[in-house]
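Read off the chains here:
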Amino acid sequence: SNALTTLAVTAPAVALGTYLWLLRQKREEQKVGTVTEVVVYPVKSAAGISVEASALDARGLRFDRLWMVVDSRGAFVSQRRAPRLALVKPKLPTSDESPLELSAPGVADLAVPVVEKAAKAVTVRCWEHRIAAVDQGDAAAKWFQDFLKLPGARLVRMPSTTRRLCNPKYAPRGTHTGFADGYPVLLASNASLADLNTRIANETIPMNRFRPNVVVDAEDAWAEDRWIHVRIGENVFLVAKPCSRCKMPTIDQATGIPGGERDAKVRDDDLGGGPNAGIEPTATLQTFRTGAHLGYADPSWASEVFFGQNLCRLPGFLDVLRRPAPVRLGDPVFLLK
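Think of each chain on its own: its residues are numbered from 1, step by step along the sequence as written. In keeping with the predicted nature of the model, local features appear solely for residues at pLDDT of at least 70, side-chain atom pairs appear and are counted solely at 80 or more, and the whole-chain, interface and lining totals rest on all residues. Side-chain calculation: all heavy atoms of the structure are included, whereas hydrogens and water are not.

Colleague: In this structure, what is going on with unusual backbone geometry? I would like to understand it.
Modeller: Excluding glycine, residues mostly have negative phi values, and the peptide bonds linking residues are mostly trans. The peptide bond linking Glu280 to Pro281 adopts the cis configuration, its omega dihedral lying at 5 degrees. Positive phi is not limited to glycine here, since Ser45 has a value of about 75 degrees. Examined against the element boundaries, Ser45 turns out to sit in the loop between β1 (29-40) and β2 (49-51). Burial status follows relative accessibility: with a 1.4 Å probe on protein chains alone, a residue under 20% of its type maximum counts as buried, one over 50% as exposed, and anything between as partly exposed. The exposure class assigned to Ser45 is buried, which follows from its relative accessible area of 4%. Counting from the N terminus, the helices are DSSP H or I runs at least four residues long and the strands are E runs at least two residues long.

Put into structure tokens, the structure is as follows:
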């Protein structure tokens, strides 16, 4: 009887799996690119780490934007307000329990042990979301206060119990992310950047200004605007929403100095971080990449500038049996039709 019960439970599952597998074989796919870079940003707005492969979890790339600097009110701090964050270089942790190692010019390196539970619960704000987080201690706080010259700054980490939901207007219901601005994975195209740079007279903008997670070589510039579902390696993603750009692409990631300015001093609130008109690449993006130029229906997007696409991974039927496959350098990118 036990054998019959097991068969009754497993047979439908095997049949469903076989059906979905066959469905996938029949689905029309067109190769549209190859992954040329995978980047993880452990601390929001700090330097990224190029890797050969990154594991995926429910929030996006593993360890991506798992830590965040907040001010004395618990509001997030990004390069929009503290451009020197670009000079903070984290090392990629080797496990969930590994300390976060930080370095920056002119200050001693710091290893921040993971604090899973603090004596006092902390609620922080990232854009409109209020999020339960864990303060990572006084040593990390002092390190950031001193380097950023921002009194009251603290470092927080998102615990595994926190779910920060993405906007269900664009993302599948239940999709959640870490401390990224809004979505789990940001994709950008080398061809699109090359086209942008042909339009900029006296400057070549590097890809790191746009802080993508996945960079692809695509045949045509701006082809990603038309993608809806893509398969990257073994993972299928919804192309959820074009990425509107704030003034961060105008900040030199090597110096932490915003374009048109002489230093990296602390500035005003992050929520005011709209496009920095007149500074590249924003100035050129405003000539052909606004919501109005692109014909987007949402009137609030009319004056926004867009570069890159926000992705949400779609669960696969094998997820119940194993972890999602990593995203790797060299992964083919297929457009699903």
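Moving on, there is more to tell.
Colleague: I tried to follow the sheet that holds strand β7 (residues 89-90) on my own but got confused; where do I start?
Modeller: Neighbouring strands of a sheet are bound in pairs by backbone hydrogen bonds; such pairs are parallel or else antiparallel. Only strands joined by at least two bridges in the DSSP assignment are considered to pair. As summarised here, the arrangement of the three strands in space is β7-β8-β9, forming an open sheet in which the pairing is antiparallel. The open sheet has two edge strands, β7 and β9 (107-112), and neither has a second partner. In terms of strand pairing, β7 meets strand β8 (residues 100-104) through two bridges, oriented antiparallel. Paired with Pro90 across the strands is Leu102, a residue of β8. The strands that helix α2 (residues 138-148) touches are β8 and β9; relative to β9, the one it contacts most, it runs at about 150 degrees. Throughout, a contact is declared for two residues whenever any of their heavy atoms are within 4.5 Å. Under this scheme, a helix contributes an axis fitted over its contacting stretch, all axes are lines through C-alpha atoms, and angles between N-to-C directions fall in the 0 to 180 degree range.

Colleague: Would you mind showing me how to read α2 here?
Modeller: Side chains three or four residues apart in an α-helix point the same way, a direct result of the helix having 3.6 residues per turn. Every buried residue belonging to α2 is among Ala140, Ala141, Trp143, Phe144, Phe147 and Leu148, and all of these are buried. Relative to the axis of α2, the buried residues are bounded by an arc of 160 degrees and lie together on one face. Across α2 from its buried face, at more than 90 degrees, point the exposed residues Asp138, Ala139 and Lys142. On its buried face, α2 sits against β6 (67-70), β8, β9 and β12 (154-157). Among the residues trailing α2, Lys149 stands out with phi positive, at a value near 55 degrees. The directions considered for the arc run from the helix axis to the C-beta atoms.

Colleague: Can you walk me through helix α3 (residues 190-198) in this structure?
Modeller: The complete set of buried residues in α3 reads Ala191, Ser192, Leu193, Asp195, Leu196 and Asn197. Taken together, the buried residues of α3 touch β15 (185-189), β16 (214-218), α4 (282-288) and β19 (305-313). Side-chain atoms alone can form a polar contact between residues adjacent in sequence; in general such a contact is a pair of N or O atoms within 3.5 Å, and within protein one must be able to donate a hydrogen while the other accepts it. Its side-chain oxygen 3.2 Å from the backbone nitrogen of Ala191, Ser189 forms the N-cap of α3.

Colleague: Sorry, what's going on with the nonpolar core here?
Modeller: In summary, soluble globular proteins display a tendency toward joint burial of nonpolar side chains. Of all hydrophobic cores here, the largest spans 58 residues; its most connected members are Val69, Val88, Phe144, Leu155, Trp227 and Ile232. Excluding its chain neighbours within four sequence positions, the residues that come into contact with Phe144 are Val69, Leu85, Val88, Leu102, Lys149 and Leu155. The set of buried Ala, Val, Leu, Ile, Met, Phe, Trp, Tyr and Cys residues whose side-chain atoms join them within 4.5 Å is what this entry labels a nonpolar core. By size, the runner-up hydrophobic cluster in this structure holds 13 residues, among which are Ile200, Trp222, Leu285 and Phe288.

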